[in-house]
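Residue-level structural notes
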Amino acid sequence: MLLYIHVPFCRKKCGYCAFYSRPLERGAEGQKALSGYLSTLLKELALWGGRLGKTPVETVFFGGGTPSLLPPKALRGILERVGQTFALAPLAEITAEANPESALDEGWLFEARRAGVNRLSLGVQSLNDGDLALLGRVHTAREAEAAFATARAAGFTNISLDLMWGLPGKNAGQSQVQWLHQLRTAIRLQPEHISAYGLTLEPDSNLEKAHARGEVILPPEKELASMYLAGAEFLEASGYMQYEISNYARMGYECRHNLGYWKGSPYLGLGPAATSTLGGRRWTNPENLRAWTEAVAGGALPAGVEELTPAIRARELLMLRLRMNKGLPLKEWRALTGRSFLTDHSALAALLQKNGLAATRKGHFRLTRTGMLVSNTILEHFFTALDEMEKSEGEFRRGGAPPERFT
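Residues numbered from 1 in each chain as written. Predicted model: local features only at pLDDT ≥ 70, side-chain atom pairs only at ≥ 80, totals over all residues. Heavy atoms only, no water.

On a plain count of helices and strands, the protein chain comes out with 17 helices and 17 strands. Here the protein chain has a C-alpha radius of gyration of 22 Å; the compact-globule value for 407 residues is 22 Å, and the two agree. Each of the three principal axes of the protein chain carries a C-alpha extent, and together these read 60 × 55 × 40 Å. A separation of at least 24 residues holds for 71% of the contacts in the protein chain among residues at least 6 apart in sequence. (Helix = DSSP H or I, 4+ residues; strand = E, 2+ residues; numbered from the N terminus. Rg over C-alpha atoms; globule rule 2.2 N^0.38 Å. Contact = heavy atoms within 4.5 Å.)

This part covers the packing of helix 7 (residues 176–187) against helix 9 (residues 221–237). Look at helix 7 against helix 9: their axes get within 9 Å of each other, and the N-to-C directions meet at 25 degrees. Between helix 7 and helix 9, the interaxial angle falls into the category roughly parallel. In this structure, helix 7 meets helix 9 at a crossing whose hand is right-handed. From helix 7, Gln176, Trp179, Leu180, Leu183, Arg184 and Ile187 reach across to helix 9, where they touch Glu223, Ser226, Met227, Ala230, Gly231, Phe234 and Leu235. Among the residues forming the contact of helix 7 with helix 9, the class breakdown is eight nonpolar, three polar and two charged. (Axes fitted to C-alpha atoms, helices over the stretch in contact; angles between N-to-C directions. Parallel < 35°, antiparallel > 145°, perpendicular 65-115°, else oblique. Left-handed = near helix turned anticlockwise from the far one by under 90°. Nonpolar A, V, L, I, M, F, W, Y, C, P; charged D, E, K, R; others polar.)

The subject of this paragraph is the sheet that holds strand 17 (residues 364–367). Ordered by their spatial adjacency, three strands build an open sheet running 15-17-16, and the pairing between neighbours is antiparallel. Looking at which strands have only one partner, the edges of the open sheet turn out to be strand 15 (328–329) and strand 16 (358–361). Here two bridges tie strand 15 to strand 17, and the two strands are oriented antiparallel to one another. The residue bridging Leu328 from the neighbouring strand is Phe365, located in strand 17. (Pairing = 2+ DSSP bridges.)

Turning our eyes to something else, we now look at the environment of Arg184. Mapping Arg184 onto the fold places it in helix 7. In this structure, the C-alpha to C-alpha distance between Arg184 and Ala210, residues 26 residues apart in sequence, is 29 Å.

Residues of the protein chain with pLDDT of at least 70 account for 96%, and the chain-wide mean is 93. When the criterion is pLDDT under 50, residues 398–407 qualifies, and its contacts beyond four places in sequence or with other chains add up to 26 contacts. (pLDDT = per-residue confidence, 0-100.)

The next subject is the nonpolar core. Counting residues in each nonpolar core, the largest one holds 98 residues, and the members touching the most others are Tyr37 and Phe62. For this core, the element with the most residues is helix 1 (residues 28–52), which contributes eight residues. Leave out the neighbours within four places in its chain, and Tyr37 touches Ile5, His6, Val7, Pro8, Phe9, Leu70, Pro272, Leu289 and Trp292. (Core = buried A, V, L, I, M, F, W, Y, C linked by side-chain atoms within 4.5 Å. Buried < 20%, exposed > 50% of the residue type's maximum accessible area, 1.4 Å probe, protein only.)

Right, let's get into the pattern of salt bridges. Taken as a whole and judged by the stated rule, the model has twelve salt bridges. Between Glu215 and Arg213 there is a salt bridge, with its nearest N and O atoms 2.8 Å apart. Look at Glu215 and you get partly exposed, because its relative accessible area is 42%. Ionic pairing is found between Glu316 and Arg282, a salt bridge with its closest N-O pair at 2.6 Å. (Salt bridge = Lys/Arg side-chain N within 4 Å of Asp/Glu carboxyl O.)

Below, the discussion takes up the packing of aromatic side chains. Within this structure, the stated rule accounts for eleven aromatic pairs. Here Trp48 and Trp283 contribute two aromatic rings whose centre-to-centre distance is 5.5 Å and whose plane-to-plane angle is 15 degrees, an arrangement assigned as stacked. Taken together, the residues span a long stretch of sequence, with Trp48 in helix 1 and Trp283 in strand 13 (residues 281–284) at a distance of 235 residues. A residue is classified by how much of its surface remains accessible, and Trp48, at 1% relative accessible area, is buried. By relative accessible area, Trp283 is classed as buried at 1%. Geometrically, the ring pair formed by Trp333 and Phe341 is edge-to-face, given 5.3 Å between the ring centres and 80 degrees between the ring planes. (Phe/Tyr/Trp six-rings, centres within 6.5 Å; stacked < 30°, edge-to-face > 60°.)

Of the pairings in the sheet, the one linking strand 12 (residues 275–278) to strand 13 comprises four bridges and is antiparallel in character. Its bridge partner lying in strand 13, Ser276 is registered against Trp283.

It is worth spelling out the side chain of Arg137 at this point. Mapped onto the elements of the fold, Arg137 is located in the loop between helix 5 (129–135) and helix 6 (141–153). Of the side chains with opposite charge, Glu101 comes closest to the buried, unpaired Arg137, at an N-O distance of 5.6 Å. For Arg137, the side chain forms a polar contact with the side chain of Asn99, separated by 2.9 Å. Residues contacting Arg137, with those up to four places away along its chain left out, are Cys14, Tyr16, Asn99, Gly123, Gln125 and Leu132. (Lys, Arg positive; Asp, Glu negative; His and termini not counted. Polar contact = N/O pair within 3.5 Å; in protein donor to acceptor, adjacent residues only side chain to side chain.)

The next subject is the packing of helix 2 (residues 72–85) against helix 4 (residues 108–115). Contact geometry for helix 2 and helix 4: axes closest at 9 Å, N-to-C directions at 15 degrees. Put simply, helix 2 runs roughly parallel to helix 4. For the element pair helix 2 and helix 4, the recorded crossing hand is right-handed. Of the residues in helix 4, those in contact with Pro72, Leu75, Arg76 and Leu79 of helix 2 are Trp108, Glu111, Ala112, Arg114 and Ala115. Residues belonging to the contact of helix 2 with helix 4 are distributed by class as follows: six nonpolar, no polar and three charged.

Attention now goes to helix 4. Turning to helix 4, its buried residues are Trp108, Leu109, Ala112 and Ala115. Buried residues of helix 4, seen end-on, are gathered within an arc of 120 degrees and therefore sit on one face of the element. In this structure, the buried side of helix 4 is in contact with helix 2, strand 5 (87–98), helix 3 (100–103), strand 6 (119–125) and helix 6. (Arc of directions from axis to C-beta.)

To continue, consider helix 13 (residues 330–337). Regarding helix 13, the residues found buried are Leu330, Trp333, Leu336 and Thr337. Along the long axis of helix 13, the arc covered by the buried residues comes to 125 degrees, so they all point the same way. Tucked into the core, helix 13 has its buried residues touching helix 12 (310–321), strand 15, helix 14 (341–344), strand 16, strand 17 and helix 17 (375–393). Immediately downstream of helix 13, the backbone of Gly338 shows phi near 75 degrees, a positive value.

Structure (structure tokens):
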């Protein structure tokens, strides 16, 4: 099982952010909110420990929000309780997301490493101060580089940099030349992993509103495509192999936690707004601190449970595996659905391969890098075909062995 822990606090809400988080006030009010969160988190952990027993846990991921706002003592306490509650693997990957400005606070990186965190995901986003200001980030490029150097000094040997491309500007959006310059600057630091995400304007975010008012300009579609393709080619030439649409790693440093998501491993999410998928069911915790606290106190989790039918599982297998470089394992598709993927979708698969958007290799149907660029459109075509098949033939006659259910 994978374990995700959502930390809902941040210093300031970024202009593009759509995740649940709230600014952590300084002083007594902030300490009260933090203390309440930690108390409820440990209660939720105990609740699931009682239900799941000593379930093996292979990875732990502190996401947010800004996990680097947690005191290292709290990190240590949470991890100790995880080890007491579940069967934490001796070589478990334990990741913490961190923002540069808070990671530099009072020896946080040294203490986090001593607490057991062995993988750091540093939220850099850009190494240009102008970009950072437009995104609403509170750190500078110099602080980002200082945080990386400090993480190395603290003993982190597995560091990922989060970067964003397709950024807005006041007079023009980011160009391919500017994006490649960002990547050159980033790889000079020699991280083990780079996540490179295209900016998405989330509804009602500050950045989306600024764009609607004409205060910022995004790059044109053609430039976005050039950025993605040229950036991926540059990273691979620099020793970072693409293993998922937005993720690149040196050999052996792929994020095990995220690989588990994409391969359909069971996962438990703790904290407000965290999602879980266990025993063929999925649910999301209440999306604010107060509602989550009340639900945990009343033992009212999970709620709003979705049953993952064979049809849903098939679509998710297709969607998640086509995100990955290796692609969809055709034997796994047949085992789940009782059908041949290439037979059912022969015309579409042939068209995609003819146009250089997909390929079949070593028992996998995969998207090429150009195909990944338009993956959402490709998936829409496959999902439409699946809908039509189900209308004419009924839902998949065989859904594979049902997942083991929890009690």
